[in-house]
Amino acid sequence: MDIGNSSLVTEFILVGLTKHPEIQVPVFFLFLGIYIITVAGNLGLVTLIRLTSHLHTPMYYFLFNLSCIDLCYSSVITPKLLVNFLSKRNTISYAGCMTQLFFYCFFVNAECYVLTVMAYDRYVAICKPLLYKVTMSPQVCYLMAVIVYLGAFIAAWAHTGCMLRLTFCDANTINHYMCDILPLLELSCTSTHINELVVLIIVGFDVGVPGLTVSVSYVFILSSILHISSTEGRSKAFSTCSSHIIVVSVFFGSGAFMYLHPSSVLSMNQKKVSTVFYTILVPMLNPLIYSFRNKEVKVALKRTFSRKIFF
């Protein structure tokens, strides 16, 4: 598709996260620090899982995928944001904007689906432990991963494809720090009804179905945990789920707050703050949460550091 002919606009101007020049540099260093922690944390977790044999289980297979997604997800948004803090004129080409939109939608949907699969994995592990190896075999895990990325691709192409059919005439200033769906729809000089319907359907599905799946999974998990007689067994079961519950709550909560309401309810500044949560903070928090709240990861880290010190 020749996207250059589908719009009269050849580039967009990004307003950015803040309009106050006096805080641009401090905020730049803040987000640079967040990005460094995000890259280091996710790369570290990916490397640790890859090199540690006792972490080669379905739970850590999906955690490996989650870290890869978070690493790419953050890299789609944050570097451009950092450049914009130091630039006098923050521009992005039409093609660049559509590319950023596609990969943003792809990784945010992939994260949504991976978190859902991880909830199902915990359900099987705690509620059906005798069938766990069969139900979550390597072949099944691989198939689930394929479905996750295929579903993310379809959702991303649906959003981007609908955006490509719109015409952008004179208005080219995006009141955001990235090429997000809703700010772009506000600039179109053609009807956006189909796009809004697609957003409602896909976001509704991405929040509703995974949210219901996660909720039902944890209802059964909680019921099973309460029936465990030993305190140590209950504590271990809770510890394997607590990290995932925290990540899911932050991710789905901020995403639903951003999209599932009438556009007039929130100001753009409030929308930007909400977007910061699940585009920049969540990818940083995930490896930290799973590292500090997961006993197996902490043990693997200690063994890895001990090995390096010894050699």
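For clarity, every value in this text was computed on a predicted model and none was experimentally measured.

> What should I look at first to understand the packing of aromatic side chains in this one?
Two descriptors summarise a pair of aromatic rings, namely the distance from one centre to the other and the angle between the planes of the rings. Under the criterion given, the structure shown has 15 aromatic pairs. Look at phenylalanine 12 and phenylalanine 168: their rings are 5.4 Å apart centre to centre, the planes differ by 90°, and that puts the pair in the edge-to-face class. Taken together, the residues phenylalanine 12 in strand β1 (residues 11-14) and phenylalanine 168 in the loop between α5 (138-164) and β3 (173-174) connect sequence positions 156 residues apart. A single burial state applies to phenylalanine 12 and to phenylalanine 168, both of which are buried. With a centroid separation of 5.3 Å and an interplanar angle of 85°, the aromatic rings of phenylalanine 102 and phenylalanine 103 are classed as edge-to-face. Taken together, the aromatic side chains of Phe102, Phe103, Phe106, Phe107, Tyr149 and Phe153 make up a single cluster linked through ring pairs.

> Where do I start with the UniProt feature "transmembrane region" (unreviewed entry) in the protein chain in this structure?
With numbering aligned to this structure, UniProt lists the feature "transmembrane region" (unreviewed entry) at residues 27-48, 60-81, 101-120, 140-158, 197-221, 241-261 and 273-292. Taken end to end, residues 60-81 is 100% helix and 0% strand, and its two terminal C-alpha atoms sit 31 Å from one another.

> Help me understand the sheet that holds β3 in this model?
Across a sheet, paired strands are connected by hydrogen bonds in the backbone, their directions being either parallel or antiparallel. Read from one edge to the other, the open sheet built from 3 strands follows the order β2-β1-β3, with strand pairing classed as mixed. At either margin of the open sheet sits one strand with a lone partner, and together these are β2 (91-93) and β3. Note: β1 against β3, 2 bridges, orientation parallel. In the sheet register, leucine 14 faces β3, and the bridge partner there is isoleucine 174. In the packing of helix α3 (residues 94-127) onto the sheet, contacts are made with β1, β2 and β3, and the angle to β2 comes to roughly 85°.

> Sorry, what's going on with α3 here?
Because an α-helix completes one turn every 3.6 residues, residues spaced three or four positions apart along the sequence face the same direction. Between the first and last C-alpha of α3 there are 50 Å, a value that for 34 residues agrees with the 50 Å anticipated at 1.5 Å per step. For α3, the buried fraction is high: 27 of the 34 residues fall into the buried class.

> Looking at this structure, I do not really get the pairing of β1. What am I missing?
Each regular strand carries side chains that alternate between the two faces of the sheet. Burial along β1 is one-sided: Phe12 and Leu14 are buried, while Glu11 and Ile13, pointing the other way, are not. As paired strands, β1 and β2 are joined by 3 bridges and run antiparallel to one another. Residue pairing for β2: isoleucine 13 is matched across the bridge by threonine 91.

> How do you make sense of the side chain of serine 188 when you look at a structure like this?
In this fold, serine 188 is placed in the loop between α6 (181-187) and α7 (193-226). Residue class for serine 188 comes out buried when judged on its relative accessible area of 15%. A polar side-chain atom of serine 188 sits 3.0 Å from a polar atom in the side chain of threonine 190.

> Just checking my understanding: could you explain the packing of α3 against α5 for this structure?
Packed helix pairs are specified by the crossing angle of their axes together with the interaxial distance, meaning the distance between the axes. In contact at an axis separation of 8 Å, α3 and α5 are set at 145° when each is read in the N-to-C sense. In this structure, α3 meets α5 at a crossing whose hand is right-handed. Looking at side-chain class alone, the contact of α3 with α5 contains 21 nonpolar, 4 polar and no charged residues.

> It is not clear to me how the nonpolar core should be interpreted in this structure. Could you clarify?
Within soluble globular proteins, side chains that are nonpolar generally end up buried alongside one another. With 88 residues, the main nonpolar core has Phe12, Phe31, Tyr104, Met163, Phe168, Leu184 and Phe251 as its most contacted residues. Top element by residues in this core is α3. It accounts for 21 residues.

Parameters and conventions
- Residues numbered from 1 in each chain as written.
- Predicted model: local features only at pLDDT ≥ 70, side-chain atom pairs only at ≥ 80, totals over all residues.
- Heavy atoms only, no water.
- Phe/Tyr/Trp six-rings, centres within 6.5 Å; stacked < 30°, edge-to-face > 60°.
- Helix = DSSP H or I, 4+ residues; strand = E, 2+ residues; numbered from the N terminus.
- Buried < 20%, exposed > 50% of the residue type's maximum accessible area, 1.4 Å probe, protein only.
- UniProt positions renumbered as here; feature names shortened; annotations may be inferred.
- Pairing = 2+ DSSP bridges.
- Contact = heavy atoms within 4.5 Å.
- Axes fitted to C-alpha atoms, helices over the stretch in contact; angles between N-to-C directions.
- Expected span 1.5 Å × (residues − 1).
- Polar contact = N/O pair within 3.5 Å; in protein donor to acceptor, adjacent residues only side chain to side chain.
- Left-handed = near helix turned anticlockwise from the far one by under 90°.
- Nonpolar A, V, L, I, M, F, W, Y, C, P; charged D, E, K, R; others polar.
- Core = buried A, V, L, I, M, F, W, Y, C linked by side-chain atoms within 4.5 Å.

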